[in-house]
Amino acid sequence: MLHNKRITLFITGGIASYKAAELTRQFIKAGAVVRVVMTDNAQKFISPLTLQVLSKNKVYTDTFDEQDAEVVSHIHLADSTDLTVIAPATANMIAKMANGIADDMSSTTLLAITAPKLIVPAMNVNMLEHPATQSNLKKLQSYGDTILDPDTGFLAEGYEGKGRMPDPYKIVEAATSLLIERDESLPLKNKKVIIAAGGTKERIDPVRYITNDSSGKMGYSLATVARNLGAQVTLVSASSIEQPFGVTFIAVESARDMQEQMLKHYETADIVIMAAAVSDYRSKEQSTQKIKKSSDDLELVLEKNPDILAGMGKDKKRQFLIGFAAETNDLEKYAMDKLVRKKADMIVANDVSKQDAGFNADTNEVIIFQPDREPIAIDLKSKDEIAFDILKIAIKTINEK
Ligand SMILES: Cc1cc2nc3c(=O)[nH]c(=O)nc-3n(C[C@H](O)[C@H](O)[C@H](O)COP(=O)(O)O)c2cc1C
């Protein structure tokens, strides 16, 4: 998404400006073209040379350092920006931006930029909470700028509070989301995708449950890739890995919770992906108190959980329904059976007995089954790449219908 995008990164004079070096590196790694502008005070914290080396571009610091007679540099830079990131954004720069002040290279260029702006405030908690800063941030939002909420944690001042600059990867995610939101040409634009991920937990008592080895990684990769393709994504998750940015996240625990949430969003969904490992059975009794160790044997009676995929297949209208089959043997037989029995439009089958595929691994190897189409085998690659292939094939099939 950031490939070849021209990002202008403004670094202002906050203690977090050292993190802007890593941010620049991550933008470059994502394929962006990065031009850096620094205030005089930012240069007291970090050298422009560092940013020049990392961005592979000269760093802008002075409005009147006009090196190219053909252009006015701050206007040229503003006009050639696809995305603006101000990180860290000082209280001072936020105030200047909110009031149209243009008295140095950074504030002057910022006033001339029409491309979307992501502002990353970072400051002492009291500076952040001051009504002047809060009102300036609201004003900037009303101008259409996006504010990334600061993290709460240990501040440079030596105490806890809100105001920390989020880690660079979160800024990259937020920048990516901003570009996605505004790109009308993406293939899943205005499409709603709901995804179930993770292994459900079926309670036995308040501290014990039945679950499985699913990490939720495949579902999370699908959520991230669907978001990158422009979809509005709802992720119904029984996993505790870090939430992807820019998706509506719903945490669930049991199969029944998951079913309830999936059905709530099913009606309006365009694509539905059941990438969760739903427990087939749950304990018939759920003790409200911790079960005590008393007798030598403890009998646990299990009852069947609802089949979420089959239930949605039965009520299918326009939704494109994708299910997963995690098998240890006879992959094709079970996958084809599932495709028909559950009225799915696609079954993604993987052999979970293989070491680098399936549960918990970062990679996967799958075969895609669709009615009346030849199976498509996808060789071992990262779960993000597999997710991209799955969605690409689904979009192709939807478009051909
Ligand atoms: C050690 C030190 C750390 C500072 N950290 C911050 C900060 O994190 N956030 C902030 O808004 N201001 C911070 N300031 C104050 C700004 O540097 C000051 O308001 C300055 O005028 C901002 O200039 P600029 O916005 O042009 O970069 C800090 C100042 C010093 C001396």
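Residues numbered from 1 in each chain as written. Predicted model: local features only at pLDDT ≥ 70, side-chain atom pairs only at ≥ 80, totals over all residues. Heavy atoms only, no water.

Per the stated rule, a full pass over the model turns up 20 salt bridges. The shortest N-O distance in the salt bridge between R208 and D205 comes to 2.5 Å. On the basis of relative accessibility, which here comes to 35%, the residue R208 falls in the partly exposed class. Among the charged side chains, a network of salt bridges with common partners joins K96, D103 and D104. (Salt bridge = Lys/Arg side-chain N within 4 Å of Asp/Glu carboxyl O. Buried < 20%, exposed > 50% of the residue type's maximum accessible area, 1.4 Å probe, protein only.)

What follows concerns the sheet that holds strand β3 (residues 83-89). The strand order β2-β1-β3-β4-β5 describes an open sheet built from five strands, whose pairing is parallel. Each edge of the open sheet is held by one strand with a lone partner, namely β2 (33-38) and β5 (146-147). With two bridges connecting them, strand β4 (residues 117-121) and β5 associate as parallel partners. Among the inter-strand pairings, I119 is bridged to a residue of β5, identified as I147. Set on the sheet, helix α2 (residues 48-55) makes contact with β1 (6-11) and β2; between it and β2 the angle comes to about 170°. (Pairing = 2+ DSSP bridges. Helix = DSSP H or I, 4+ residues; strand = E, 2+ residues; numbered from the N terminus. Contact = heavy atoms within 4.5 Å. Axes fitted to C-alpha atoms, helices over the stretch in contact; angles between N-to-C directions.)

With that out of the way, let us pick up the site of the ligand. Residues in close proximity to the ligand total 14 residues, the closest being G13, T39, T90, A91 and A122. Summarising the interface, the protein chains cover 65% of the accessible area of the ligand, which totals 640 Å² for the free molecule. Top element by residues in the shell around the ligand is helix α4 (residues 91-98). It accounts for three residues. Here the shell around the ligand is composed, by residue class, of seven nonpolar, seven polar and no charged. (Near = heavy atom within 4 Å. Areas by Shrake-Rupley, 256 points an atom, 1.4 Å probe, with all protein chains shown as cover. Nonpolar A, V, L, I, M, F, W, Y, C, P; charged D, E, K, R; others polar.)

Positionally, V120 belongs in strand β4. Sequence separation between V120 and K333 is 213 residues, and the spatial gap between their C-alpha atoms is 52 Å. Once you skip the residues sitting within four places of it in the chain, V120 turns out to touch V85, I86, A87, P88, A89, L148, M165, P166 and I171.

Here we come to unusual backbone geometry. Here the amide bond leading from A87 into P88 is cis, since omega sits at -5°, within 30 degrees of zero. With respect to the helices and strands, the residue P88 is situated in strand β3. Residues other than glycine seldom take positive phi values, yet D372 does so here, at roughly 55°. Looking at the element boundaries, D372 is found in the loop between β18 (363-369) and β19 (376-382). Judged by its relative accessible area of 83%, D372 is exposed.

Here we come to a nonpolar patch on the surface. On the surface, a cluster of nonpolar side chains totalling about 270 Å² of accessible area is made up of Y281, L300 and L302. Counting through the fold element by element, L302 comes out in strand β15 (residues 302-304). For L302, a relative accessible area of 41% gives the class partly exposed. (Patch = residues over 30% accessible without salt bridge, like charges linked within 9 Å, V, L, I, M, F, W, Y side chains within 5 Å.)

This paragraph deals with the side chain of R227. Tracing the backbone shows R227 in helix α9 (residues 217-228). A polar side-chain atom of R227 sits 2.7 Å from a polar atom in the side chain of N228. Apart from the residues lying within four places of it in its own chain, the contact partners of R227 are E173, T176, S177, I180, V233, F245, G246 and V247. (Polar contact = N/O pair within 3.5 Å; in protein donor to acceptor, adjacent residues only side chain to side chain.)

Taken domain by domain, the protein chain comprises domain 1 (6-181) and domain 2 (186-400). Centre-to-centre, using C-alpha coordinates, domain 1 lies 39 Å away from domain 2. Here domain 1 and domain 2 share an interface that buries about 660 Å² over both sides, 51% of which is from carbon and sulfur atoms. Its largest share of buried area at the contact with domain 2, domain 1 owes to E173, S177 and I180, together 65% of the area lost on that side. For the interface between domain 1 and domain 2, the tally reads one salt bridge. On the surface where domain 1 and domain 2 come into contact, there are five residue pairs in polar contact (both at pLDDT 80 or more). Grouping the constituent residues of the side of domain 1 that touches domain 2 by class yields four nonpolar, two polar and three charged. (Domains from an automatic or database assignment. Buried area = accessible area lost by both parts, 1.4 Å probe.)

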